[in-house]
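Now for the letters of each chain:
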Amino acid sequence: MKMTFRWYGESDPVTLSQIRQIPTMTGIVSAVYDVKPGGLWSEESINNIKKQANDNGLEFEVVESVPVPEDIKLGNEKAPQLIENYCENVRRLGKAGVKCICYNFMPVFDWLRSELEHQQADGANALAYDHNTVLAMDPLKGDLALPGWDASYTKEELKGLLLAYQELGEEKLWNNMQTFLEAVIPVAKEVGVNMAIHPDDPPWGMFGLPRIITNKKNLTRFLKLVDETNNGLTLCTGSLGANPDNDLIDMVRSFEGRIHFMHMRNIKHTGPLQFEEVGHPTECGSLDLYGIAKALVDTNFDGYVRPDHGRMIWGEKGRYGYGLFDRALGATYLAGLFEGIEKTVK
Ligand code: DNO
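Calculation rules
Residues numbered from 1 in each chain as written. Predicted model: local features only at pLDDT ≥ 70, side-chain atom pairs only at ≥ 80, totals over all residues. Heavy atoms only, no water. Helix = DSSP H or I, 4+ residues; strand = E, 2+ residues; numbered from the N terminus. Rg over C-alpha atoms; globule rule 2.2 N^0.38 Å. Buried < 20%, exposed > 50% of the residue type's maximum accessible area, 1.4 Å probe, protein only. Lys, Arg positive; Asp, Glu negative; His and termini not counted. Charge placed at Lys NZ, Arg CZ, Asp CG, Glu CD. Pairing = 2+ DSSP bridges. Right-handed = clockwise from strand over helix to strand, strands pointing away. Axes fitted to C-alpha atoms, helices over the stretch in contact; angles between N-to-C directions. Parallel < 35°, antiparallel > 145°, perpendicular 65-115°, else oblique. Left-handed = near helix turned anticlockwise from the far one by under 90°. Contact = heavy atoms within 4.5 Å. Nonpolar A, V, L, I, M, F, W, Y, C, P; charged D, E, K, R; others polar. Core = buried A, V, L, I, M, F, W, Y, C linked by side-chain atoms within 4.5 Å. Near = heavy atom within 4 Å. Polar contact = N/O pair within 3.5 Å; in protein donor to acceptor, adjacent residues only side chain to side chain. Areas by Shrake-Rupley, 256 points an atom, 1.4 Å probe, with all protein chains shown as cover.

1. What to know about the overall build of the chain
1) Next: Per the secondary structure count, the chain includes 11 helices and 12 strands.
2) Next: In terms of C-alpha radius of gyration, the chain reaches 19 Å, essentially the compact-globule figure of 20 Å for 346 residues.
3) Next: With the principal axes as the frame, the chain shows a C-alpha extent of 55 × 45 × 40 Å.
4) Next: Counting across all 346 residues of the chain, residues that qualify as buried make up 56%.
5) Next: Charged side chains of the chain number 35 positive and 48 negative; the gap between the two group centres comes to 2 Å.

See the structure below:
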């Protein structure tokens, strides 16, 4: 297991010199942020991230994300050229030493929450989700709380996209995913890159949009679309774990060898389709982080781990979910879990 930390580039309030001081940290997870989805990432930009990381004693082996443009997911006439660009980005990243690329296939919205600063009893604040609140919002009014949201769509564009996906439906989204994978996976294999799809967060549909990377059955179907080791998963405990029916420990065991990247965090179920983010340790929430780490050790997981979303604590202000303090606590907690399991249980 290699411990990593997400870094949003030079505009990130968290610096590389801070990241390197977190015990057990081996590398950063980052991306080229100034190119629109579908565009080519210059080798210069890629190497610049690598150099900055290396200058700080950190590796740059994981990219999150190379975004998949909506035209690819919709499978329209622009898709073939955009898939070709995607492949070229994969080649360039492989050449620069990147070993794992995280991406997602969520229509229109990336991760979604209804509250960004949910107050907790100990004075921390964290992201929270309540399905009824989300459904009462109108995406066309721009009143959604979307930390990962590309706000550059006009109202008309957004409306067009929502309609296009409603017409497309789930099965055609699966077909378009297959076309994408059949092109990208062989290229990634050639350049030594593991592709790791991120589950839909939260793992259910909304606003009539199809969402397919949501549960064990669908992840199994996904892995069979192109049955190669490098067609794999980012197993995000907080995303999949939002649905209490998802058994994360069973997933880790069932998908042995196909999980390349772990996003590890805890959440607390507060009602049906309702949760809030909490500190990483098992006792803070509803997920068994120990059980998940144990299953990873038992299955000889040798991919990348990163502490996922943290709360805002100690007065920190920053990017929602991505402050320094709580994620650093998460990293050392997780490293301790792994060490304990590796030394005693195995
Ligand atoms: C949120 C992240 C996601 C993730 C993408 C991967 O915190 O986990 O935005 O980076 O979905 O493509």
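2. Focus: the pairing of strand β2 (residues 27-30)
1) Next: The alternating pattern of β2 places G27 and V29 on one face and I28 and S30 on the opposite face, and all of these are buried.
2) Next: Here 3 bridges tie strand β1 (residues 2-6) to β2, and the two strands are oriented parallel to one another. Of the residues in β2, the one forming a bridge with T4 is G27.
3) Next: Pairing of β2 with strand β3 (residues 59-64), which is carried by 4 bridges, proceeds in the parallel orientation. By the bridge assignment, S30 is partnered in β3 with V63.
4) Next: On the question of chirality, the crossover connecting β2 to the parallel β3 by way of helix α2 (residues 43-55) is right-handed.

3. Things to note about the packing of helix α4 (residues 79-95) against helix α6 (residues 155-190)
1) Next: Running from amino to carboxyl end, α4 crosses α6 at an angle of 25°, the nearest separation of the two axes being 9 Å. The orientation of α4 with respect to α6, classified from their angle, is roughly parallel. When the axes of α4 and α6 are compared, the crossing they make is right-handed. Of the residues in α6, those in contact with I83, Y86, C87, V90 and R91 of α4 are T179, F180, A183, V184, V187 and A188.
2) Next: When grouped by side-chain class, the residues that make up the contact of α4 with α6 number 9 nonpolar, 1 polar and 1 charged.

4. A closer look at the nonpolar core
1) Next: Counting 96 residues, the largest nonpolar core has Y86, I101, F180, M195, F222 and M264 as the members making the most contacts within it.
2) Next: No other element matches the 14 residues that α6 contributes to this core.
3) Next: Not counting the four nearest positions on each side in its chain, M195 is found in contact with Y86, V90, I101, Y103, V184, I185, A188, N230, N231, G232, L233 and H260.
4) Next: Formed by 7 residues, the second largest nonpolar core is a distinct cluster that contains V29, C100, A196 and F261.

5. Notes on the site of the ligand
1) Next: Taken together, 14 residues surround the ligand, and among them E64, S65, N104, H309 and Y322 come closest.
2) Next: Within the side chain of E64, an N or O atom sits 2.5 Å from an oxygen atom of the ligand.
3) Next: In isolation the ligand exposes 330 Å². Once the protein is present, 98% of that is buried.
4) Next: With 3 residues, strand β4 (residues 100-104) is the largest single contributor of residues to the shell around the ligand.

6. Concerning the sheet that holds strand β5 (residues 115-119)
1) Next: Spatially, the 4 strands line up as an open sheet ordered β5-β6-β11-β10, and their pairing is antiparallel. Only two strands of the sheet have a single neighbouring strand rather than two, namely β5 and β10 (266-271). In this sheet, adjacent strand axes meet at a mean angle of 35° when their direction is disregarded.
2) Next: Across 3 bridges, β5 lies against strand β6 (residues 125-130) in antiparallel orientation. By the bridge assignment, E115 is partnered in β6 with A128.

7. Examining the environment of I72
1) Next: With respect to the element layout, I72 can be found in helix α3 (residues 70-74).
2) Next: Taking relative accessible area as the criterion, I72 reaches 2% and is therefore assigned buried.
3) Next: In this structure, the C-alpha to C-alpha distance between I72 and C87, residues 15 residues apart in sequence, is 12 Å.

8. Digging into the packing of α6 against helix α7 (residues 216-225)
1) Next: Viewed as axis vectors pointing N to C, α6 and α7 meet at an angle of 40°, and their least axial separation amounts to 10 Å. Between α6 and α7 lies a crossing of right-handed hand. Two secondary-structure elements touch here, α6 through E171, W174, M177, Q178 and L181 and α7 through N218, R221, F222 and L225.
2) Next: Each residue belonging to the contact of α6 with α7 can be placed in one class, and the counts come to 5 nonpolar, 2 polar and 2 charged.

9. Some points on the side chain of H280
1) Next: Here H280 shows up in the loop between β11 (274-278) and α10 (289-298).
2) Next: Under the relative-accessibility criterion, H280 is labelled buried at 2%.
3) Next: At 3.5 Å, the side chain of H280 and the backbone oxygen of M264 are in polar contact.
4) Next: Within the local environment of H280, its side chain forms a polar contact with the backbone oxygen of D308, the two atoms lying 2.9 Å apart.
5) Next: Once you skip the residues sitting within four places of it in the chain, H280 turns out to touch M264, R265, N266, L289, P307, D308, H309, G310, D326, R327, G330 and Y333.

Worth remembering: the numbers are spatial, not functional.
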